[in-house]
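Okay, here's what each chain looks like letter by letter:
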Amino acid sequence: MKEKKQNNILELFSPYVPEAVTSRILEGKGSLPSERSEATIVFIDIRGFTKLADQLDPEKAIEIINNIFEPIVGLIDKYGGSINKFLGDGLMAIFGAPFSHEDDPERAARASLEIMKSIEENGKIKIGNKVKNLKARIGINTGLCISGEIGSASRKEFTVIGDTVNLASRLQANATPGKILIGEKTFHRIKDNFITSPPRKLKIKGKKDLVSVYILKGEEKKISFFEQKKNSHSPFMGREKELKNLKEALKKSYQSKGQVIEISGELGIGKSRLILELTKESLTKEFNIFSSNCSSWEESKPYAPLREIFIKIFGIKFDDDFKEIDKKIENKIKEIDSSLLFASSYFSRLLSSKTKSLEEMMEQSKEESNLFIRVVKKLLFSFSSKKPLLIIIEDVQWIDDASGEFLIQCSKELKEYPILLLYSLRESLKKRDSIAGSKRIRLLPLKNTESDKLIRLLIKENDIYQLMSEKIISTANGNPLFIEEIVRGIEERRLSADKDRLGNYPEIFANFQIPDTVQSIARARIDLLPVGLKEILYQASVLGRDIEIKLLQKITNLEVKILLEMMKELQKHEFIEEVEAAPQLQRYFAFTHSLIQEIAYNSLLFKTRRSLHNKIGTVMEEMYLSKIDAKVEELAYHFKNSDDQEKAVFYLNKAGDKAQSLYAFKNAINYYRDSIKILELTELEKEQLTQLSEIYNKLAFSRSIIGERKEAEINLTKALEYCRKIRDKDNESLILMSMGNLYGDMGQWDKAIEYFQDSLLISEEINNLRRKASILKGIGLACLFKGDTSTGYSYLKESINICKEIKALDVYAMALNNIGIYYDMLGRWKKAIEAYKESLSIAKKIKNIIVISNIMNNIGFAYSSLGESKQAIYYLKESVKIADKIGDIYNKGINYIHLGEEYLKKNEFTEVKYYIFHGEKIFDELDDKLGLADIYRLEAKLLKKLERWKDSEIFFKKAIKTYLKFGDKINEGETYYELGDMLILKRDIDLAKKNLIKSQKILKNIGAKKHLIEIEEKLNNLKK
Ligand SMILES: Nc1ncnc2c1ncn2[C@@H]1O[C@H](COP(=O)(O)OP(=O)(O)OP(=O)(O)O)[C@@H](O)[C@H]1O
Ligand SMILES: [Mg+2]
């Protein structure tokens, strides 16, 4: 009978019990366990439960079991325990074996208290008209157990046995219903944090002496400062007005009136805290919140905060491989805004650290680098249509250049989106003037009354508060972090005084000197730590703000268990805190405040610091072996600060390549310069010379793109010098090609051609066909611009032939496009359109949307020259459509100028004005001076048609001034020509002559023959 009953219950329990356990209980056999270790055992018994279950019909019984047992199972799991077996009316759970936590007794206690509560809530069972209240009895005991696996070879299960287990069971049997009885050892391990009854002596069967037992009543009301702070913060004081403003902004952005808010103020004044308080607002539940930090050691890492945001959006996990990442990105983009699919490669480069070679980068159009940030921004904006966005970027004083650029872009354009962009920084950002429309909140010190209230709440002992309050207020000056640090210092002093029973507080605190900066008080607190702990804190500081336990463990060579003990100790002193664990990490800590990390870091001897950085770098290399590319910036940082120069150069260089691939040119420049700096101090063997010449070449590329052309020229000269020393042909031809590109950008066609020719010779020598095609294309274009059209044409043709042969479609499309430009220049518009259209079909094949929109633009332009206005406008507007779709407002602006020109020809002035107005707005927003100059020039031409000579002259001159300033010779020359022409109409002959001659001089100088004949003619006419 008895056995049958047990079977019955086990059937009911079976959803909760591993099969091995059930069978083990039924079979009652197994081999002996084999390990001694400490564990905390919990027995739970729900009195009368089986009897009750028997009275009910099976369906009802199962429902009740679910209601009662599911929460129990969940709670035990929540606190890291495991259910070992179900017995009669209850179960046995183990905390601490086979896997232990340093606080297993506390976990067991917490779980038991919550289980009691849950049974109280769910244990009211209706039978007929009666309600029966189920009550549990729980026994907890801690001690040595023998543990291990028992069972047959095929079916093993884990269990514990021994006196500790027996006593736990006895305690449960002796508990009155609704109570938790705990043993002596458990009591000692939890007494600081829990409330218990006074001890009771109990006679236990099989024990000679009486044992002390306690009733566990609840968790301790937090008494000491440190416990009060656990998982919480100081009570929030003041800041009513600031919080109100933030809430208003939140509301507005919720209604699609995008807001940008800057929160500034000194270290520790409460910027992060204010933001935290905002995120407690119920309205923030309606938002997707993305929060990220900038940090002092990531100042060069491109898009550090952005990466965090997009990793979340795409749901990317650390273990995902490239393929998975790409797939996730594509799927998500499809979901958010499928018109941006063309840009998925941008995101995979951002997140999976693929890089492009310099040569690949050189083949791209300049627009592509402008586009990157815009596409990223567009996706983020589109994402906000699902759910409003709250984007928080903290510590912007350390933002990297590329992210800074991004911030500026976003702030300009989010006005119509449901986005609140919040950023915090210590002091004013240099770039902040360009962060448009941001509202600024500057945090001032707390008022004395607020400080006082805070201090009163933080210091529990009234006499200490009385003694110290005024002193703290006057020293801390309303800085809450300072107040907290002082209170911590006082609390530590009090604790040690209490321990040593040193006497009364007035004596102890009368001559307590408070250091006068928050740094020195924090340092003093650190100094009080025992040597071993201090050492751990110091070593952790080299890791940065976040402390990955696995990494720290490898550097310190301590056992995890010991290390965790120490971390717990440091946590008690509030130097560090445990943070939410990322899935791949076991435990994860962070410094409570960057101040602590900074102080600890700065306390290290220079030499020690360097060797620690080295150690960290080496350990990271091992740990992240397969994911090393994702960590190059961190590795670059650590090795740069170590003595391993070779690795420093290696990773700095890699980080530079990655930045360059992400169009984060300023970041790339920083990395390349750092690596050059190190290299040039070493002995220059062949390997170093090779590296140097390559890095200088890449550096020059980044610089030329951001407009630092003079510097780029110097860098390329260096690159050439180094590479000629070692006779590296391949590299030499690449550098010469860079030179050609650079001079081409500057409009110095002859020089460009010269370098291209040199490069061509070598690339022929080393038989690099692809490069040859690129160079030929470059020479061709330079010749065209120079006015040497037929020579240009033959070069382009040659390039095309090679492209066809080696199937280099990207170069092919561009070369064809250049052929179009050639016909354009000759005035053979129909042929031009033919070439453009062919180029368009290739661009569509390789899905290069930027090239597509460029070519559309050119086609429109050619139709315009042909006088086919309708076609022209069609293509230009198509190009605008693409630009709109991909958020490329730069190209949209350029198209607006062309459209304006077209309507000007047709004398449709209202249209012209429309495009001028909106074009100007775009270039204003982009802060693009050359674009603005083009708009002025268009406006001047409009005024010329309207015969408003004076105004027209003013605008021509405005445009010329800008072209001059930026060294844009072609446009400068052409505008002088147009101005001269206007002056002829105005009949201001002398001045007209002057301007025409100026134009002639400039255009001749750069070898642009296009307008020279017309100018000659006009000048001759004037002479007559
Ligand atoms: N108004 C406040 N009331 C109570 N405590 C506050 C208040 N403001 C800040 N604190 C506390 O002061 C400490 C420092 O605040 P916080 O970290 O927000 O400073 P911060 O301005 O972000 O500093 P940093 O420039 O270093 O980032 C925190 O522990 C925080 O909880
Ligand atoms: Mg902060």
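Residues numbered from 1 in each chain as written. Chains lettered and ligands numbered in written order. Predicted model: local features only at pLDDT ≥ 70, side-chain atom pairs only at ≥ 80, totals over all residues. Heavy atoms only, no water.

Draft legend 1. Structural view of the overall build of the protein chain. The secondary structure content of the protein chain amounts to 46 helices and 19 strands. The principal-axis extents of the C-alpha atoms in the protein chain amount to approximately 130 × 70 × 70 Å. Residue burial in the protein chain is summarised as follows: out of 1024 residues, 55% are buried. Computed over 168 positive and 151 negative side-chain charges, the separation of the two mean positions in the protein chain equals 3 Å. (Helix = DSSP H or I, 4+ residues; strand = E, 2+ residues; numbered from the N terminus. Buried < 20%, exposed > 50% of the residue type's maximum accessible area, 1.4 Å probe, protein only. Lys, Arg positive; Asp, Glu negative; His and termini not counted. Charge placed at Lys NZ, Arg CZ, Asp CG, Glu CD.)

Draft legend 2. Summary view of the pattern of salt bridges. Counted by the stated rule, this structure contains 49 salt bridges. A salt bridge links E114 to K78, with the nearest nitrogen and oxygen atoms 3.4 Å apart. Residue E114 is found in helix α5 (residues 104-122), and its partner K78 is found in helix α4 (residues 58-78); the two are separated by 36 residues along the sequence. The network of salt bridges with shared partners includes E484, E485, R488, R525 and E574. (Salt bridge = Lys/Arg side-chain N within 4 Å of Asp/Glu carboxyl O.)

Draft legend 3. Local environment of the site of ligand 1. Every one of the 22 residues lining ligand 1 counts as a neighbour, but K271, S272, R273, E484 and H593 are closest to it. Backbone polar atom of R273 to an oxygen atom of ligand 1: 2.8 Å apart, as the coordinates give it. Within the contact set of ligand 1, an oxygen atom lies 2.7 Å away from a side-chain nitrogen or oxygen of E484. About the coverage of ligand 1: the protein hides 93% of its 630 Å² of free accessible area. Looking at the shell around ligand 1, the elements with two or more residues in it are α10 (271-279) and α19 (480-499). Taken together, the residues of the shell around ligand 1 sort by class into 8 nonpolar, 7 polar and 7 charged. (Near = heavy atom within 4 Å. Polar contact = N/O pair within 3.5 Å; in protein donor to acceptor, adjacent residues only side chain to side chain. Areas by Shrake-Rupley, 256 points an atom, 1.4 Å probe, with all protein chains shown as cover. Nonpolar A, V, L, I, M, F, W, Y, C, P; charged D, E, K, R; others polar.)

Draft legend 4. Spotlight on a positive patch on the surface. A grouping of K124, K135, K179 and K217 is seen on the molecular surface, where their side chains present a positively charged patch. Along the chain, the position of K135 falls in the loop between β5 (130-133) and β6 (136-151). (Patch = residues over 30% accessible without salt bridge, like charges linked within 9 Å, V, L, I, M, F, W, Y side chains within 5 Å.)

Draft legend 5. Spatial organisation of a negative patch on the surface. Together, E646, E683, E685 and E687 give the surface a local cluster of negative charge. Tracing the chain through its elements places E683 in the loop between α29 (665-681) and α30 (686-705).

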